[in-house]
Amino acid sequence: MFNLRGFPNDQIFSRMQQDYPQLDPDAVSAFLRLLVAGSDFLGRLDALLSGHGIMHGRWLALIQLRRRTIQRALPSELAQEQGVTRATMTGLLRQLDRDGLIRRQEDPADGRKAAVILTDKGVALLDRIMPEYYTLVNELMAPLKAPEKKALAGMLDKLLMRPESPSPTDPAT
C-alpha cells in the first residue's frame with residue numbers, strides 16, 4: 001500500500017529541485033496521486049473480495065476464465081494474461097481447485113497438458129461478487145463525468161504503452 005496523505009506543494013518542489021534538477025513537479029505530482037489512488041482502490045477491492053473469502057489473484061483467474069466464450073484455459077495462458085509466473089499461477093489454481101471453483105481437464109491429445117475449467121460453484125461465487133464489484137467501481141469513479149472517465153482511460157493507456165521490461169514469464173529472464 002502507498003499511504004501518502006499530504007502531497008508536495010510548489011515550495012517543496014522548488015527546494016527539492018535545487019538538489020535534484022531532473023525533478024519534474026508535474027510528473028511527480030501526477031505520479032504520487034496515481035499511486036495513492038491505485039493503492040486506495042486496490043485496498044477497497046481487497047476488502048470486498050476478502051468478505052467473500054477470496055484474494056484478488058484468485059479472483060482474477062476466475063474472471064479470466066469467466067470472460068472466455070468457453071470457460072477453459074491452460075494455466076500458462078492465465079499466467080501470461082495476469083502477468084505472473086507459471087509457478088504463481090499454479091499456486092492460485094491449486095487453491096481454486098481445492099475450493100471447487102475450478103477443475104482440471106486433461107488434454108486428450110497431450111496428457112502432459114491440463115486445462116482449467118470454471119465450475120458452477122466458481123460461477124456462483126462470481127455472480128455474488130460482481131454486482132458488488134461494479135457498485136464499488138461506480139462509486140469510486142463517480143466524481144468523474146463520462147467524458148472524463150474515457151479521457152482518463154485514454155491517458156492511462158498511454159502510460160501503459162511505454163516500452164516494457166521483460167515480463168516474469170519471459171524465458172529470457
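The coordinates are above.
Residues numbered from 1 in each chain as written. Predicted model: local features only at pLDDT ≥ 70, side-chain atom pairs only at ≥ 80, totals over all residues. Heavy atoms only, no water.

A look at the overall build of the chain
Line of reasoning, step 1. The helix and strand inventory of the chain stands at seven helices and three strands.
Line of reasoning, step 2. Taken from the N to the C terminus, the helices and strands of the chain come in the order α-α-α-β-α-α-β-β-α-α.
Line of reasoning, step 3. Against the 2.2 N^0.38 benchmark of 16 Å for 173 residues, the chain shows a C-alpha radius of gyration of 20 Å, more extended than a compact globule.
Line of reasoning, step 4. For the chain, the C-alpha atoms occupy an extent of roughly 65 × 40 × 30 Å along the three principal directions.
Line of reasoning, step 5. Long-range contacts, defined here as pairs at least 24 residues apart, represent 54% of the contacts in the chain between residues at least 6 apart. (Helix = DSSP H or I, 4+ residues; strand = E, 2+ residues; numbered from the N terminus. Rg over C-alpha atoms; globule rule 2.2 N^0.38 Å. Contact = heavy atoms within 4.5 Å.)

Some points on the pattern of salt bridges
Line of reasoning, step 1. Under the counting rule described, the total for this entry stands at five salt bridges.
Line of reasoning, step 2. The partner of Glu 139 in a salt bridge is Arg 44, and the shortest N-O contact between them spans 2.4 Å. With Glu 139 in helix H6 (residues 120-141) and Arg 44 in helix H2 (residues 25-50), the pair connects residues that are 95 residues apart, well separated along the chain.
Line of reasoning, step 3. Given the relative accessible area of 32%, Arg 44 is considered partly exposed.
Line of reasoning, step 4. Two residues, Glu 81 and Arg 68, come together in a salt bridge whose shortest N-O distance is 2.6 Å. In this pair, Glu 81 sits in helix H4 (residues 75-82) while Arg 68 sits in the loop between helix H3 (56-66) and strand S1 (72-73), placing the two residues 13 residues apart along the sequence.
Line of reasoning, step 5. Classification of Glu 81 by relative accessible area gives partly exposed; the value is 40%.
Line of reasoning, step 6. Accessibility expressed as a relative area gives 18% for Arg 68, which makes it buried. (Salt bridge = Lys/Arg side-chain N within 4 Å of Asp/Glu carboxyl O. Buried < 20%, exposed > 50% of the residue type's maximum accessible area, 1.4 Å probe, protein only.)

A few points about the sheet that holds strand S3 (residues 114-118)
Line of reasoning, step 1. Taken together, the three strands give an open sheet; going across it, the order is S1-S3-S2, and neighbouring strands pair in antiparallel fashion. Because the sheet does not close on itself, it has two edges, and the strands there are S1 and strand S2 (102-106).
Line of reasoning, step 2. One ladder, built from five bridges, connects S2 with S3; its direction is antiparallel. Counted as the bridge partner of Arg 104 is Val 116 from S3.
Line of reasoning, step 3. Lying on the sheet, H3 is in contact with S1, S2 and S3; it crosses S3 at an angle near 90 degrees. (Pairing = 2+ DSSP bridges. Axes fitted to C-alpha atoms, helices over the stretch in contact; angles between N-to-C directions.)

Description of helix H1 (residues 10-19)
One turn of an α-helix holds 3.6 residues; hence residues three or four places apart share an orientation.
Line of reasoning, step 1. The element H1 is barely covered by neighbouring structure, given that only one of its 10 residues are classed as buried.
Line of reasoning, step 2. Looking at where H1 begins, the residue whose side-chain oxygen comes 3.1 Å from the main-chain nitrogen of Gln 11 is Asn 9. (Polar contact = N/O pair within 3.5 Å; in protein donor to acceptor, adjacent residues only side chain to side chain.)

Brief notes about the packing of H3 against H4
Line of reasoning, step 1. Two elements in contact, H3 and H4, have axes separated by 10 Å at closest approach and are oriented at 115 degrees. In terms of axis orientation, H3 runs roughly perpendicular to H4. The chirality of how H3 crosses H4 is right-handed. Facing Gly 57, Leu 60, Ala 61, Gln 64 and Leu 65 of H3, the residues of H4 in contact are Leu 78, Glu 81 and Gln 82.
Line of reasoning, step 2. Residue classes in the contact of H3 with H4 are distributed as four nonpolar, three polar and one charged. (Parallel < 35°, antiparallel > 145°, perpendicular 65-115°, else oblique. Left-handed = near helix turned anticlockwise from the far one by under 90°. Nonpolar A, V, L, I, M, F, W, Y, C, P; charged D, E, K, R; others polar.)

Remember, this is a structural readout, not a statement about activity or role.
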